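What follows is the residue order along each chain.
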Amino acid sequence: MNKFLAIGIAVGVSFLLAFLLGFVVIPWLRKLHFGQTILDIGPAWHKSKQGTPTMGGFMFIVSTIVAFIIVVVTDYLLGGKLMESGAALPQNIKIKIIAGLVMAFGFGLIGFADDYIKVVKKRNLGLTIKQKSIAQILLMLGYLGTLYMSGNTYMTVPFVGNVDMGFFFWIFGMIVIYATVNAVNFTDGVDGLCASVTSVAALAFLIAAALKGLFGVSILAGALMGGCLGYLIWNWNPSKVMMGDTGSMFLGGMVVALAYAIDCPLIILLFGIIYVVEMLSDLIQIAYFKATGGKRIFKMAPIHHHFELCGWKEKKIVVIFSLVNAIGSALGLLLLYYGAIRL
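What counts as what
- Residues numbered from 1 in each chain as written.
- Predicted model: local features only at pLDDT ≥ 70, side-chain atom pairs only at ≥ 80, totals over all residues.
- Heavy atoms only, no water.
- Helix = DSSP H or I, 4+ residues; strand = E, 2+ residues; numbered from the N terminus.
- Buried < 20%, exposed > 50% of the residue type's maximum accessible area, 1.4 Å probe, protein only.
- Lys, Arg positive; Asp, Glu negative; His and termini not counted.
- Salt bridge = Lys/Arg side-chain N within 4 Å of Asp/Glu carboxyl O.
- Contact = heavy atoms within 4.5 Å.
- Core = buried A, V, L, I, M, F, W, Y, C linked by side-chain atoms within 4.5 Å.
- pLDDT = per-residue confidence, 0-100.
- Patch = residues over 30% accessible without salt bridge, like charges linked within 9 Å, V, L, I, M, F, W, Y side chains within 5 Å.
- Areas by Shrake-Rupley, 256 points an atom, 1.4 Å probe, with all protein chains shown as cover.

Asks: What exactly am I supposed to notice about the side chain of Asp115 here?
Replies: Secondary-structure assignment places Asp115 in helix H3 (residues 90-121). Buried Asp115, no salt bridge; nearest opposite-charge side chain is Lys118, N-O distance 4.1 Å. The contacts of Asp115, once residues within four sequence positions are left out, are Met55, Met243, Gly244, Asp245 and Thr246.

Below, the structure is given as C-alpha cells:
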C-alpha cells in the first residue's frame, strides 16, 4: 500500500469512527448516568457542566486502535511492510509500536477505574493518589522492561546522535512517562483543549516519523490525530461529552509511545510544550503557595484556569494554546531534522 495513502486512510477512518461513535456512546453514557462531577474550587461557571457525560475518551481510544489495525492488516494482506519501514531492526520498531499501544491502553484502563469510582460515588475524587501511582508504576515498569529486553535502551539526542542510557534508561523513563501522562491529564480542563493540543502533537509525530521513514509510527500517529479530531466535534465548547481520565491518560500514554517509537522522548518538551506549561504552572503555584504562606502567582492553576479567570473564553484558550503547541512542534521538527535525522 502506498505509504501516504495508508496514513490518510488511518486519519480518515479514525476521524469518521470517533465521530460516529458519538451517536452511540454519548446516549449510552447518559442512560447510565455517567455524568461529570465538577469541583467546587473551580471557576463558578463550570458548574453548568455538572452531569455532562464523561468517559467519552472511549470514542478516540476505539477509533485509534481500530483504524491502526485496519490499515496495518490491509497493508500486510497486500504484501506491504509499512510496520517495518525505516527501521534498521524491523522487529524492534514493531515491539515499540505494539508495546506503546498496549501501555496507552493500560493507562486508559487506569483512567477508566478512576472515572468509574467518581461517577458511581458521585464525587470528583476517584482512585487515591497511592492507588493510581502504584498502577501507573507497574504499567511503566512493564513497558520499559519490554523495551529493555529488546535492546531499545538508547535515545536520539539532537546534534549528538544515539546515546545508550544504560541503567539511567529506567530512571529517565519513569520520570518521562509519569510526568507526561499526568501533564496531559492536567491539560484536560476546558472544552476541547486536550483533544486539540494532542491533535497538533500527533501531527508533529506523524511528520517526524515520516521524515525518518518510520511509516508504521506515522500511521499510528495519524490514527490518533483523526480520533482526536472526530471526538473534538462533540467536545468543542459547549461540550456534549468529556473524555475523563479514561481519555486523557490514554492520550498521555500515546504521546509517550510515539516519542519512544521515534527514539526521542526528549522531543515531548517541544511537541507537547503546552503539557509542560500546564504541569509547571501547577507545580510553581503549589511551591509558591507553601513558600509564602498562602500567596499565589496565578489566579488558579493549571494555567488555563488562570486565563479563564482573566476573562478568556474557553474557545480562545483552545485556539491560542493549540497555536503555541503548533509553534513548539514546528521548532521540534526543525530540531529533529537538522540535529538528528541528518546525522
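Asks: So what exactly am I meant to see when it comes to the nonpolar core here?
Replies: Core analysis: the biggest nonpolar cluster contains 97 residues, and Ile177, Tyr260 and Ile262 have the highest contact counts within it. The element best represented in this core is helix H7 (residues 215-235), accounting for 12 residues. If we skip the residues at most four places from it in the chain, Tyr260 touches Lys96, Tyr143, Leu144, Leu147, Phe169, Phe172, Gly173, Val176, Ile177 and Pro265.

Asks: Sorry, what's going on with the environment of Met140 here?
Replies: Tracing the backbone shows Met140 in helix H4 (residues 129-149). Taking the C-alpha atoms as reference points, Met140 and Met254, separated by 114 residues in sequence, lie 13 Å from one another. Aside from chain neighbours lying at most four places away, what touches Met140 is Phe107, Met174, Ile177 and Tyr178.

Asks: Even after reading the chapter, I still don't get the confidence of the model for the chain, so can you show me in this structure?
Replies: The predicted structure's coordinates, where accompanied by low pLDDT, should not be read in detail. Residues at a pLDDT of 70 or more form 92% of the chain, whose mean pLDDT is 91. At the level of individual helices and strands, the chain shows its lowest average pLDDT in strand S2 (residues 161-164), which scores 90, and its highest in helix H9 (residues 268-271), which scores 98.

Asks: How do you make sense of a nonpolar patch on the surface when you look at a structure like this?
Replies: Together, Phe15, Leu16, Leu20, Phe23, Val24, Leu229 and Ile233 make up an exposed nonpolar region whose accessible area comes to about 610 Å². Elements that contribute at least two residues to the nonpolar patch include exactly helix H1 (3-31) and H7. Sorting elements by how many residues they give to the nonpolar patch places H1 first, with five residues. Structurally, Leu229 can be placed in helix H7.

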